[in-house]
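Notes for the structure review
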Amino acid sequence: MEAPAVRLSGITRRFGAVRAVDDLDLTIETGAVVALLGPNGAGKSTTISIMLGLVPPGTGTVALFGEPAADAVRAGRVAAMLQDAGFVPGATVRDVVELARALYPRPLGTDRILATAGVTDFANRRVDRLSAGETQRARFAFALAGDPRLLVLDEPTTAMDVAARQQFWTAIRAYAADGHTVLFSTHQLHEADDVADRIVVLAAGRIVADGPPARIRAMAGVGTSARLDTAFLALTTDGPDTDGPDTKTIETEH
Amino acid sequence: MRAYLRFELRRLVRDPRLMFFSIIGPVATYLIFSGWSAGERLEGLAAPVAVMIGLAGYGAVAGVLMVGSAVSQERAVGWLRQLRVTPLTSGQVVAVKTLIGSITAIPPVIAVGIVASIQHHVELSAGRWLALLLLMWTGTVPFALLGLAIGYGVSPHVAVPVNFLVFLALSVLGGLLVPAAYFPDDLRHLAHALPTYRYAELGWRSAAGQPPTATGLAVLAAWTLLFAAVAAGAYRRSTARR
């Protein structure tokens, strides 16, 4: 059997007295599109950093495609758009895309990358002269360039306008349809609803809900027609008490 | 790794301001001040040659330190974090930055050399010029590491002043601007312990047709090890921060 794209087992990470991630288990099968939801400070970015080997977990183990995160990254199986990552000034969009292509073993063609990420029109502009939304698209191009099996996106659509968002999610759907695995975090719940086939809700460093969008609504006790926002608030704020919310994991439907 | 080197070279060429300052400073200084000591002998050479090498080293060290400490900016904008989620290893990133830094040593050395040969008719054989250029280039490795130590060690708004102070102290006390021969004894002893003096000494001795001194090489090696250790430590600390 093929190793899952992501397997986090018993991950805990403290920053001082705060448990940013608290005994977290998460397995993502290859080919899945998973949304990571949660209020600010829920541990989404920390979970992603640990998953990518950028931050060592305090306890627990991380495996990507059955190997340590650092090895999977080195082998070019993974690429990411991170919130606190960025480009150096003095390079053009095309420069950074070409760099990414050269770093990965089996890159996509340049024109295809530029078109998919919607950066063709400003490919020759310097990355330090882009708007925030354009920068975000350029970062998508960089992440996409190596045709990674696992694409990790931390709040990818921040600062994108409506048209750019639409193009972005269309590209993500097409990418996932090819058997790639995609994990993204977002505050735009309708994005999770529209794009993901599985939603993982984090609160206070723990998973409080996990399942397809319809199940998430059902678990939170809101009707199927209700917006996911309602379910989200019910799950992340009504959580009981001092021990932190219970983990209500449910099986993902296949 | 070659792709990253190409990428960095292209950036360097696209933003030549960095090079401009490391060239214009020593060239202007040479034009203005080299005449004062023209009849003397310094470091076993005719003064115009010795001053040429000192100022070439001054420009080279300026450029190399500037590139290294610019890493601070790259860290702040998240570029190093971006690279860490690619197949490129941190060791490769540091190696390329060190190489790129040392390459910036070459233009000021050539520029000061040209000015010296025009203004004071400094004449060396082609082999001597080439040896000089190679030594003035490879000798900058400790300074490239020092620049990286600053770049990884401190935040961007502190990196510029720290870089400037370190550069000024090392180049002035090391006798690159004013030859150490004019220093009082204590200061001259200090100069002889500094990497800047020993770096320029490589050039001075080469131009005089002499091999490097063992002491000089030992002092340079010691500083190189120290700066490498500080750079590695600063790098580890900077990546441990979230």
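Residues numbered from 1 in each chain as written. Chains lettered and ligands numbered in written order. Predicted model: local features only at pLDDT ≥ 70, side-chain atom pairs only at ≥ 80, totals over all residues. Heavy atoms only, no water.

Let us look at the overall build of chain B. A count of helical and extended segments in chain B gives 13 helices and two strands. Since a compact globule built from 242 residues should have a radius of gyration of about 18 Å, the 18 Å found for chain B is in line with a globular shape. Seen through its C-alpha atoms, chain B measures out along the principal axes to roughly 60 × 35 × 30 Å. Burial status across chain B gives 49% buried among its 242 residues. By sequence separation, contacts in chain B at least 24 residues apart represent 78% of the contacts at least 6 residues apart. For chain B, the distance from the average position of its 19 positive side-chain charges to the average position of its 9 negative side-chain charges is 18 Å. (Helix = DSSP H or I, 4+ residues; strand = E, 2+ residues; numbered from the N terminus. Rg over C-alpha atoms; globule rule 2.2 N^0.38 Å. Buried < 20%, exposed > 50% of the residue type's maximum accessible area, 1.4 Å probe, protein only. Contact = heavy atoms within 4.5 Å. Lys, Arg positive; Asp, Glu negative; His and termini not counted. Charge placed at Lys NZ, Arg CZ, Asp CG, Glu CD.)

We now examine the UniProt feature "transmembrane region" (unreviewed entry) in chain B. Residue and element names in this part refer to chain B. If you check UniProt for "transmembrane region" (unreviewed entry), the listed places come out as residues 20–39, 45–72, 93–118, 130–152, 164–183 and 214–235 in our numbering. Secondary structure content for residues 45–72 is 89% helix and 7% strand, while the C-alpha to C-alpha distance between its ends is 39 Å. Counted over residues 93–118, helix gives 92% and strand 0%. Its end C-alpha atoms are 40 Å apart. (UniProt positions renumbered as here; feature names shortened; annotations may be inferred.)

This paragraph deals with empty space enclosed by the protein. Here the idea is plain: a probe the size of a water molecule rolls over the atoms and shows the empty space left. All names here are of chain B. Considering all chains together, one arrives at one cavity of 30 Å³ or more under this definition. Volume-wise, the largest cavity comes out at about 60 Å³. Looking at the lining of the largest cavity element by element, the count peaks at three residues for helix α3 (residues 47–69). Residues belonging to the lining of the largest cavity are distributed by class as follows: eight nonpolar, two polar and one charged. (1 Å grid on protein atoms, 1.4 Å probe; cavity = no way out; pocket = protein on both sides within 12 Å on 5 of 7 lines; lining within 4 Å. Points joined across faces, edges and corners; volume = space filled by probe spheres on them. Nonpolar A, V, L, I, M, F, W, Y, C, P; charged D, E, K, R; others polar.)

Another point: the packing of helix α4 (residues 110–117) of chain A against helix α5 (residues 132–144) of chain A. Residues and elements named next belong to chain A. Interhelical geometry of α4 versus α5 gives an angle of 140 degrees and a closest axis separation of 9 Å. It follows from the interaxial angle that α4 and α5 lie oblique. Crossing hand, α4 versus α5: right-handed. Residues Ile113, Thr116 and Ala117 of α4 pack against Arg137, Phe140, Ala141 and Leu144 of α5. Split into classes, the residues belonging to the contact of α4 with α5 amount to five nonpolar, one polar and one charged. (Axes fitted to C-alpha atoms, helices over the stretch in contact; angles between N-to-C directions. Parallel < 35°, antiparallel > 145°, perpendicular 65-115°, else oblique. Left-handed = near helix turned anticlockwise from the far one by under 90°.)

What follows concerns the pattern of salt bridges. Residues and elements named next belong to chain B. Applying the stated criterion across every chain, the model contains 18 salt bridges over all chains. Between glutamate 201 and arginine 198 there is a salt bridge, and its shortest N-O distance comes to 3.2 Å. In this pair, glutamate 201 and arginine 198 are both assigned in helix α12 (residues 195–207), three residues apart and thus about one turn of the helix distant. Here glutamate 201 matches arginine 198 in class, with each residue buried. Three or more residues joined by partner-sharing salt bridges are found here, namely Glu8, Arg11, Glu74 and Lys97. (Salt bridge = Lys/Arg side-chain N within 4 Å of Asp/Glu carboxyl O.)

What follows concerns the layout of surface pockets. Residue and element names in this part refer to chain B. Considered as a void within the structure, the largest pocket measures approximately 830 Å³ in volume. What lines the largest pocket is a set of 33 residues, and nearest its centre among them are Leu18, Met66, Val67, Ser69 and Ala70. Elements supplying a minimum of two residues to the lining of the largest pocket: α1 (2–14), α2 (17–33), α3, α4 (71–76), α6 (90–103) and α10 (156–173). Tallied by class, the residues present in the lining of the largest pocket amount to 18 nonpolar, seven polar and eight charged.

The subject of this paragraph is a nonpolar patch on the surface. A cluster of nonpolar side chains, B:Leu31, B:Ile32, B:Phe33 and B:Trp36, forms an exposed patch at the surface whose accessible area comes to about 490 Å². Structurally, B:Trp36 is set in the loop between α2 and β1 (41–42). (Patch = residues over 30% accessible without salt bridge, like charges linked within 9 Å, V, L, I, M, F, W, Y side chains within 5 Å. Areas by Shrake-Rupley, 256 points an atom, 1.4 Å probe, with all protein chains shown as cover.)

The predicted coordinates should not be examined in detail at positions where pLDDT is low. Averaged over every residue, the pLDDT of chain A is 88; residues scoring 70 or more account for 91%. Counting contacts from residues 239–254 of chain A, a segment whose pLDDT is below 50, to residues more than four positions away or on other chains yields 29 contacts. (pLDDT = per-residue confidence, 0-100.)

Turning to α4(A), a few remarks are in order. All names here are of chain A. The complete set of buried residues in α4 reads Thr110, Ile113, Leu114 and Ala117. Projected down its long axis, α4 carries its buried residues within an arc of 95 degrees, all on one side. Tucked inside the fold, the buried residues of α4 contact α3 (93–103) and α5. In the segment just after α4, glycine 118 is the residue with positive phi, at about 70 degrees. (Arc of directions from axis to C-beta.)

Turning next to the pairing of strand β9 (residues 206–211) of chain A. Residues and elements named next belong to chain A. Judged by how many residues are buried, β9 sits mostly within the fold: five of six residues are covered. One ladder, built from five bridges, connects strand β8 (residues 198–203) with β9; its direction is antiparallel. Bridged to valine 201 within β9 is alanine 209. Adjacent in sequence and paired antiparallel, β8 and β9 are bridged by two residues, among which alanine 204 carries a positive phi angle near 50 degrees. (Pairing = 2+ DSSP bridges.)

Right, let's get into the interface of chain B and chain A. Interface size is commonly expressed as the accessible surface area that is lost when the partners come together. Between chain B and chain A, the contact holds 22 residues from the first and 33 residues from the second. In this structure, the connection of chain B to chain A is made through three salt bridges. For B:Arg10, the salt bridge is made with A:Asp95, and the minimal N-O distance between the two is 2.9 Å. Linking chain B with chain A are twelve residue pairs in polar contact (both at pLDDT 80 or more). Elements supplying a minimum of two residues to the side of chain B that touches chain A: α1 and α5 (79–84) of chain B. Ranked by residues supplied to the side of chain B that touches chain A, first place goes to α1(B) with six residues. Of the residues assigned to the side of chain B that touches chain A, the class counts are nine nonpolar, six polar and seven charged. (Polar contact = N/O pair within 3.5 Å; in protein donor to acceptor, adjacent residues only side chain to side chain.)

When the UniProt feature table is mapped onto this chain, "domain: ABC-2 type transporter transmembrane" (unreviewed entry) is found at residues 3–197 of chain B. Helix and strand shares over residues 3–197 of chain B are 76% and 2% respectively, and the end C-alpha atoms of the span are 35 Å apart.

The next subject is the environment of B:Ala60. Residues and elements named next belong to chain B. Its place among the elements puts alanine 60 in helix α3. Residue alanine 60 is classed as buried on the basis of its relative accessible area, which comes to 0%. As for alanine 60 and glycine 216, which are separated by 156 residues in sequence, their C-alpha atoms are 19 Å apart. Non-local contacts of alanine 60, meaning those with residues more than four positions away in its chain, are made with Ala105, Pro108, Val109, Thr140 and Tyr199.

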